[in-house]
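# Observations on chain architecture
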Amino acid sequence: MTEKPAIVLRHGGSPDPAVLREVCAGAEEEGVPTRVEQVRAAGADGAVALAHAAALESPLETGIGIDESGGVAVHHASLPAEAPVQRVEAGSPRPDLRIAGRTAARIVKVLPL
Amino acid sequence: MTDRLVVGVDIGNSTTEACVAAVPGDSPEYLSTALTHTTGVKGTPDNTDGAVAAVRRALEKAGRSPADLDVVLLNEATPVISGLAMETISETIITESTMIGHNPATPGGEGLGVGTTVAIDALAGASGPTIAVVGAGWDFDDVATELNAATDRGLEIVAAVLAHDDAVLVVNRLRAPIPVVDEVGAVEKVPLGMRAAVEVAPPGRTIRTLSDSYGLASVFELDPDQTKQVSPVARALTGNRSAVVVRTPSGDVTDRRIPVGTLTLSGAGKTLQVDVDAGAEAIMEVLGRVQPLDDATGEAGTHVGGMLAQVRDTMTDVTGQPAAEIRIRDVLAVDTFVPKEVRGGLAGEVAPENAVALAAMVRTSRSRMQVVADEVAAALGCRAEIGGVEGEMAVRGALTTPGTAVPIAVLDLGGGSTDAALLDRDGVSSAVHVAGAGELVTKLIGSELALDDREQAEAVKRYPLAKVESFFHVRHEDGTVQFFAEPLPSHVFARVVTMTPEGPAPVATRHSVDHVRRVRREAKRKVFAVNAVRALKQVAPGGSLRMLDFVVLLGGSALDFEIPDLIADALAGYGVVCGIGNVHGSEGPRNAVASGLVDAHVAGS
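An account of the accompanying structure is given in this report. (Residues numbered from 1 in each chain as written. Chains lettered and ligands numbered in written order. Predicted model: local features only at pLDDT ≥ 70, side-chain atom pairs only at ≥ 80, totals over all residues. Heavy atoms only, no water.)

## A look at the interface of chain A and chain B
Opposite the 20 residues of chain A that make contact, chain B presents 21 residues. Of the roughly 1700 Å² buried where chain A meets chain B, counting both sides, 55% is carbon and sulfur surface. Together, A:R21, A:E28 and A:E29 form the three largest contributors to the area buried by chain A at its contact with chain B, with a combined 37%. Among the salt bridges present, the one from A:R98 reaches B:D166, with a minimum N-O distance of 2.8 Å. Put simply, chain A and chain B have 10 residue pairs in polar contact (both at pLDDT 80 or more) between them. Put simply, the parts of the chain that give the side of chain A that touches chain B at least two residues each are α1 (17–29) and α3 (94–109) of chain A. For the side of chain A that touches chain B, the residue count by class is 9 nonpolar, 2 polar and 9 charged. (Contact = heavy atoms within 4.5 Å. Buried area = accessible area lost by both parts, 1.4 Å probe. Salt bridge = Lys/Arg side-chain N within 4 Å of Asp/Glu carboxyl O. Polar contact = N/O pair within 3.5 Å; in protein donor to acceptor, adjacent residues only side chain to side chain. Helix = DSSP H or I, 4+ residues; strand = E, 2+ residues; numbered from the N terminus. Nonpolar A, V, L, I, M, F, W, Y, C, P; charged D, E, K, R; others polar.)

See below:
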């Protein structure tokens, strides 16, 4: 793969900009780049499925999914699809969203989550 | 009834062991053993339940009924109760918020910025080199916009101090990067309008200027007297990746010795005093001059007075003896350090403070084991008698370890005390109990690593360490790597863990595996290796360890994965054979007393 190493963040089309900003800021503060991708809307358990697909796509094997409602999931490519590393419910306060991005970055850096 | 059954029961501080033997002729045939938790304090009637449970369980394993019992033998225990206390003897205090020396995980930028502290919403009126101070509630985009605007107006912004974990985000949005220290919880206490310096080192480095006395002198143009004053600041900042120092008119960082009082030790017709803040070595040296110790007291109204009063109170609660009658018969002092939050710190800074841990041991006046024997007899419907003294029985049991012979010394490594007993060629035995054992090790590990949870400290003591390196593998402390087919839970990811039988359990620490391992081994060495020598010297002929041939380790801590090695190392220079007991060639270091009781009974009848 020639693409640059990055955490892949996938969303279904129209994520809340505030949610997207906080999640990305969490990874940026840790110094790990993210690449945001838009895909067609996923099924019922959107965020987890998006995150797993993103992790499989990521050169760093780490993905984040944000679903239509604003729920966030963090995933690693080596884990079973239904078992994300972290889930943040839709409507969670900003610091929790920031932590989701931070968790993804810390997986890459192998630091305690 | 074809043969008679004899059961030996050893009631210890934490476990009760039973050992069932059939005695067809003049040599016992061992059928089974069992182990339960001791109920109540050793040597009190509460022990009955545990003793009966252990006997029943051992009988069940042997497939025999209590009706076959001839006699139950109990040990005459010397009730030894120990207490622990710990007192810090140094304290770091920051006055007037002169310094921030914490290590945020992700500071921003790098380099040194020297200027005047100004709140971010007051930048409009500022001039000259400026350090922006940003309170809670500021968003990183707004901070960057504000700082960029001020720079555009011509203000020279040299550094920033933030409340939130935003340093990298802010620096990424600045046109000219500056050093930024973040996660300063009490940023509102940073004095404004003062000359200050902010330093951030590159990743993998530590700060060079603010952690150096002359560096501080250069930054703040100090004269020699002032330089002397700030040298504690430099020392306190050594090893940090980032720091802030504010120069206030009388601000200071002091490293103060707390007067903890004197310890009065009496024994051998002498009464000597020692300052506790002189440290463990001085205390143990004075203790050596008053052996055997009759009592120890602390100066009233001081820390050490409170410490020993607390030990005495605990003893009173468990034994029912009045505090005035309780004599402290041994003390073990250990130097340690305790990470404590710095008083006056702005970012939850932690400094390692010196501390002394004391284990004190009390021997109660008399045992109530006869009461236990009567109650056991009633519960099981058989005879129960006191079969022998614990130390002598332990030696007897230890002697069944293959490869041993008299003179033999045993070291019983327990939870509350370390006991030594000796059997010489003439069949004479002697025994001592010294303060400090497994519980003190747990306490030292817990306090040095600042673990809130006693269970975690216990796990660090009992199990080897590892680092979780991915969702599927750990690296053990010896460097070997283990793969797991099932993913490891995310709460242990990248953490230092203890390899418990239930799987990896996280240790709440930012320290490395190496550091935690060092703390663990040092704690074990400071307690068990020191106590092994101390206790053996008291039973060895002429106090000389060279007169001992065989030393057998018994008790729960003899099963530890490294304590026997640490003790063997400590004894290596004395030319003794030291190893883990293997009672009857099969029982390991357990059951020495219980089977010793049976052997003694059979030999005597």
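## Details of the packing of aromatic side chains
Centre distance and the angle of the planes are the two values used to describe a pair of aromatic rings. All names here are of chain B. Enumeration over the complete set of coordinates arrives at 2 aromatic pairs over all chains. Ring geometry for F471 versus F493: centroids 4.5 Å apart, planes at 25°, classification stacked. Taken together, the residues F471 in the loop between β24 (465–468) and β25 (473–476) and F493 in the loop between β26 (481–483) and β27 (496–500) connect sequence positions 22 residues apart. Note on accessibility: F471 and F493 belong to one class, buried. Ring plane angle 20° and centroid distance 6.2 Å describe the contact between F472 and F483, whose orientation is recorded as stacked. Pair noted here: F472 is in the loop between β24 and β25 and F483 is in strand β26, with a separation of 11 residues, a long-range link. (Phe/Tyr/Trp six-rings, centres within 6.5 Å; stacked < 30°, edge-to-face > 60°. Buried < 20%, exposed > 50% of the residue type's maximum accessible area, 1.4 Å probe, protein only.)

## A few points about the packing of helix α1 (residues 47–62) of chain B against helix α8 (residues 369–380) of chain B
Residues and elements named next belong to chain B. Running from N to C, α1 and α8 cross one another at 45°; their axes reach a closest spacing of 9 Å. Between α1 and α8, the angle falls in the class oblique. Between α1 and α8 the crossing geometry is right-handed. Touching N47, T48, A51, V52, V55 and R56 of α1 are M369, V372, E375, V376, A379 and L380, all from α8. Classifying every residue of the contact of α1 with α8 gives 8 nonpolar, 2 polar and 2 charged. (Axes fitted to C-alpha atoms, helices over the stretch in contact; angles between N-to-C directions. Parallel < 35°, antiparallel > 145°, perpendicular 65-115°, else oblique. Left-handed = near helix turned anticlockwise from the far one by under 90°.)

## Here we look at α1(B)
Counted at 1.5 Å a residue, the expected span for α1(B) with its 16 residues is 22 Å, and the 23 Å between its end C-alpha atoms agrees. Positive backbone phi, at 70°, marks B:G63, one or two positions downstream of α1(B). (Expected span 1.5 Å × (residues − 1).)

## Observations regarding the environment of B:G8
Residues and elements named next belong to chain B. Following the sequence through the fold, G8 ends up in strand β1 (residues 4–11). For G8, a relative accessible area of 0% corresponds to the buried category. Taking the C-alpha atoms as reference points, G8 and V71, 63 residues apart in sequence, are found 8.7 Å from one another. Beyond its immediate chain neighbours, meaning those up to four positions away, G8 contacts E17, A18, C19, L73, A594, L597 and V598.

## Observations concerning the sheet that holds β27(B)
All names here are of chain B. Read from one edge to the other, the open sheet built from 5 strands follows the order β26-β25-β24-β27-β28, with strand pairing classed as antiparallel. The open sheet has two edge strands with one neighbour each: β26 and β28 (503–506). On average, each strand axis in the sheet is tilted by 40° relative to the strand beside it, whichever way the strands run. The pairing of β27 with β28 spans 4 bridges and is antiparallel. Across the sheet, the residue bridging to T500 is G503, located in β28. Packing of helix α12 (residues 513–539) onto the sheet brings it into contact with β24 and β27, and relative to β24 it is tilted by some 165°. (Pairing = 2+ DSSP bridges.)

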